[in-house]
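Structure assessment
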Amino acid sequence: MEFLVASAIGILTAAGIYLVLRLRTFPVILGMSLLTYAVNVFLFASGRLVIGAPPILVDGVETYTDPLPQALVLTAIVISFGMTAVVVMIALGAYLSSADDKVNDPTDPEAQAEAEEDVA
């Protein structure tokens, strides 16, 4: 079970970093979302991966699950949805104002001419 969760965290992190390093805004947004999912799964796994254990310690129970990471993950999910909405609106505004969704637009005219030649 731990190997499966660790592999999922690694795959989500690798895919998220790959997408963040792309030059378009939509893959960057998807990459940031994948990175937040990887962090959420990591936080959730830090509270012990136990099936059927109570979240609080009561008399007669030897194993329990820590409820703090679960509360942190719920909070992080809400914050990540809000931040994703903000980033999507910023990216949409940048696309509508420049008609291009490139992340790193060159500032000098020579570099811009070279970039346009590369696209063509």
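Residues numbered from 1 in each chain as written. Predicted model: local features only at pLDDT ≥ 70, side-chain atom pairs only at ≥ 80, totals over all residues. Heavy atoms only, no water.

In the annotation of an unreviewed UniProt entry, the entry for the chain reads Na+/H+ antiporter subunit C, and the organism field reads Roseovarius rhodophyticola. Annotation of the chain in UniProt includes, under Sequence similarities (unreviewed entry), the sentence "Belongs to the CPA3 antiporters (TC 2.A.63) subunit C family." Comment text from UniProt for the chain, heading Subcellular location (unreviewed entry), reads "Cell membrane". (UniProt positions renumbered as here; feature names shortened; annotations may be inferred.)

Remarks on the UniProt feature "transmembrane region" (unreviewed entry) in the chain
Annotation from UniProt places "transmembrane region" (unreviewed entry) at residues 6-21, 28-51 and 71-96. The span residues 6-21 carries 94% helix and 0% strand; its end-to-end C-alpha distance comes to 23 Å. A helix fraction of 75% and a strand fraction of 0% characterise residues 28-51, whose end C-alpha atoms lie 35 Å from each other. (Helix = DSSP H or I, 4+ residues; strand = E, 2+ residues; numbered from the N terminus.)

Quick word on helix H3 (residues 67-98)
Here H3 spans 47 Å end to end across 32 residues, near enough to the 46 Å set by a 1.5 Å rise per residue. Restricting attention to buried positions, one finds in H3 the residues Pro69, Val73, Ser80 and Ala91. Turning to H3, the residues buried within the fold contact helix H2 (25-45). The first or second residue beyond H3 is Ala99, which carries a positive phi of 55°. (Expected span 1.5 Å × (residues − 1). Buried < 20%, exposed > 50% of the residue type's maximum accessible area, 1.4 Å probe, protein only. Contact = heavy atoms within 4.5 Å.)

Thoughts on the confidence of the model for the chain
For the chain, the average pLDDT comes to 83, and 88% of its residues sit at 70 or higher. Confidence scores differ between elements of the chain, with helix H4 (residues 109-119) showing the lowest mean pLDDT of 67 and helix H1 (residues 2-20) the highest of 94. (pLDDT = per-residue confidence, 0-100.)

Re the environment of Ala76
Positionally, Ala76 belongs in helix H3. For Ala76, a relative accessible area of 23% gives the class partly exposed. Considered as a pair, Ala76 and Thr36 are 40 residues apart in the sequence and their alpha carbons are 8.2 Å apart.

Here's the deal with the environment of Val103
Along the polypeptide, Val103 turns up in the loop between H3 and H4. Here the alpha-carbon distance between Val103 and Leu21, two residues 82 residues apart in the chain, equals 9.7 Å. Residue contacts for Val103: discarding those within four places in its chain leaves Arg22, Leu23, Arg24, Thr25 and Val28.

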